[in-house]
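What follows is each chain in one-letter form.
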Amino acid sequence: IYIYITIPLSIILICALFFMFLHKKKSVTWTCENSLHLVSAPDIDDRSEIDTLIRSIDFSLKYLNKIDPKTLMSFGKEKFTSKNIKTSLIDFKEKLKELGLTKKFFTYIRKNYTFYKSSAKKVLYTGYYEANLKGSLTQSDIYKYPLYRKPEDLYRIDLSKFPFYHKYNGLPEILRGRLSEDNLILPYYTRKEIDSEKKLAEKNLEIVWVDNVIELFFLQIQGSGIIHLDTGETLRVNYAESNGHAYQAIGRLLIDKGLLSKENVSMQSIRNYIEKHPEQMEQIFNYNPSYIFFRKVDEGPIGSIGVPLTPFRSIATDRYLFPKGAICYIKTRLPLFDENNKVKEWKLFQSFVLNQDSGGVIRTPGRVDLFTGNGKKSELIAGHINQNGNLYFLIKKPLE
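Along every chain, residues carry numbers that run from 1 in the direction the sequence is written. Residue-level local features of this predicted model are given only where pLDDT is at least 70; pairs of side-chain atoms are given and counted only at 80 or more, and the full residue set underlies all totals for whole chains, interfaces and linings. Side-chain measures here rest on the full set of heavy atoms in the structure, leaving out hydrogens and waters.

Caption draft 1: The arrangement of the packing of helix α8 (residues 267–276) against helix α10 (residues 376–384) in detail. All axes here are fitted lines through C-alpha atoms, helices being fitted over the stretch that makes contact, and every angle between N-to-C directions spans 0 to 180 degrees. Counting from the N terminus, the helices are the DSSP runs of H or I reaching at least four residues and the strands are the DSSP runs of E reaching at least two. It is at 7 Å that the axes of α8 and α10 come closest, and there the two elements cross at 95°. The pairing of α8 with α10 is recorded here as roughly perpendicular in orientation. Judged by residue contacts, M267, Q268 and R271 of α8 engage E379, L380, G383 and H384 from α10. Orientation is classified from the angle alone, with under 35 degrees giving roughly parallel, over 145 giving roughly antiparallel, 65 to 115 giving roughly perpendicular, and any other angle giving oblique. The criterion used for residue contact is that any of the two residues' heavy atoms lie within 4.5 Å.

Caption draft 2: Structural context of the pattern of salt bridges. Here a salt bridge means any side-chain nitrogen of Lys or Arg lying within 4 Å of a carboxyl oxygen belonging to Asp or Glu. Tallied over the full model, the rule gives 13 salt bridges. Of the charged contacts, one joins K79 and E33 as a salt bridge, the two residues approaching to 3.6 Å between their closest N and O atoms. One end of the pair, K79, is in strand β3 (residues 78–81); the other, E33, is in the loop between α1 (2–25) and β1 (36–39), and 46 residues separate them in sequence. Partly exposed residues are those whose accessible area sits between 20% and 50% of the maximum for their type, while under 20% is buried and over 50% is exposed, using a 1.4 Å probe and protein chains only. On the accessibility criterion, K79 (41% relative accessible area) is partly exposed. Of the charged contacts in the structure, one is a salt bridge between R47 and D45, with a shortest N-O distance of 2.9 Å. What makes R47 exposed here is its relative accessible area of 75%. When salt bridges that share partners are traced, they join R156, R176 and E241 into one network.

Caption draft 3: Representation of the environment of I44 in the model. Here I44 shows up in the loop between β1 and α2 (50–66). Overall, I44 belongs to the buried group, its relative accessible area being 12%. A sequence separation of 327 residues divides I44 from F371, and the C-alpha atoms of the two residues are 21 Å apart. Residues within four places of I44 in sequence aside, it is in contact with F106, I109, R110, F115, Y329 and F352.

Caption draft 4: Spotlight on the nonpolar core. Nine residue types can take part in a nonpolar core, namely buried Ala, Val, Leu, Ile, Met, Phe, Trp, Tyr and Cys, and a core is a set of them joined through side-chain atoms within 4.5 Å. Of all hydrophobic cores here, the largest spans 53 residues; its most connected members are F92, I109, F352, L391 and L394. Element by element, the count of residues in this core is highest for α2, at seven residues. Counting residues in hydrophobic clusters, the runner-up holds 29 residues, among them L133, L219, L235 and I274.

Caption draft 5: Looking closely at empty space enclosed by the protein. Cavities and pockets are found on a 1 Å grid laid over the protein atoms alone: a cavity is a set of points where a 1.4 Å probe fits but cannot escape, a pocket is an open set with protein on both sides within 12 Å along at least five of seven lines, and a lining residue has an atom within 4 Å of such a point. Grid points are joined across faces, edges and corners, and a volume is the space filled by probe spheres set on the points. Inspection of the entire model under this criterion finds one cavity of 30 Å³ or more. Looking at the largest cavity, its volume works out to about 50 Å³. Forming the walls of the largest cavity are S304, I305, T317, D318, R319, F322, K324, N355, Q356, D357 and S358. Each residue is assigned to one class: nonpolar for Ala, Val, Leu, Ile, Met, Phe, Trp, Tyr, Cys and Pro, charged for Asp, Glu, Lys and Arg, and polar for all the others, Gly among them. Among the residues forming the lining of the largest cavity, the class breakdown is two nonpolar, five polar and four charged.

This is the structure in structure tokens:
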């Protein structure tokens with residue numbers, strides 16, 4: 001009886017606190033119905049490679065083939081089935097192969113597809129990449145920072161299944177927590193508790209050990225990476241789960257403290273500051289309580305819909321607002337660099353992409369993360385993208 005009483009009460013308490021937090025922050029609650037609105041077709045251009053677009057479309061089709069064709073997906077107030085989206089992708093791909101990325105193809109898309117634009121006043125684009133780290137399967141003085149798999153005591157609580165869920169706007173669908181010794185559901189360990197207080201040490205959770213704690217921190221932000229082992233082999237890892245704590249950007253912390261300027265902040269400038277001030281590193285990292293756990297994968301990186309991502313053809317959006325696997329058209333700007341890897345100018349980037357991923361900080365219709373690939377150039381581009389732009393979702397007309 002004690003267990004049956006305390007666990008529901010704990011869940012309700014957590015929900016109540018979270019609800020109070022949301023109202024204290026006065027955050028805007030977006031729904032699928034108000035995330036997109038119908039617009040006229042914009043001017044279209046896409047000068048990227050056609051092969052990468054076809055590859056990305058094929059991966060979305062692979063995902064759509066696995067789900068119920070009657071599954072409803074929201075395009076703002078309109079709802080279409082996954083079969084409708086699949087039909088659109090097949091038609092898009094056939095015309096793309098026939099016409100190529102030409103004006104004739106762009107005209108066909110503008111005439112035969114309905115466009116839905118993000119309802120956000122501004123859509124902020126950022127970038128992410130597949131990280132590269134050095135590691136070992138054996139702990140040593142060189143390889144001493146662990147990469148953890150999902151702990152067995154990390155539980156997911158589906159709040160949407162509880163009768164009170166739909167009475168309150170702003171509650172998350174999923175809460176994460178752990179079961180205490182007296183059978184209470186508590187928030188899972190924070191980054192400080194995991195890294196500084198070693199709450200997960202000696203629990204046999206280590207996938208691999210890496211040599212650079214800064215690179216490990218940024219791997220958690222990216223969500224996927226390749227570990228180059230000391231044996232000459234490689235190990236690919238991908239996001240498995242989070243500890244459920246809200247992500248706090250350390251870049252914002254450094255700006256608020258006057259340590260970096262808003263105009264010059266980037267992943268590279270953040271890393272450079274931490275390297276020059278190692279005595280502040282632990283405090284800076286622990287400012288972000290969010291923690292990511294990983295899994296081994298054979299190919300990747302894998303997006304949230306379970307298919308590999310394609311550089312500059314895959315985006316991450318809010319998983320609760322937008323149709324998964326759908327074709328999109330985006331407009332933003334990407335950086336161009338000089339010989340010293342400094343941004344010399346920003347170029348317009350217009351491209352068809354597929355909605356194939358999501359992220360812990362990608363919330364509201366005003367946030368998009370563009371996947372840039374693997375390697376130093378991809379990392380450099382992703383680390384600097386912080387630009388406004390437009391986001392459109394497309395579906396073929398007429399459809400039921």
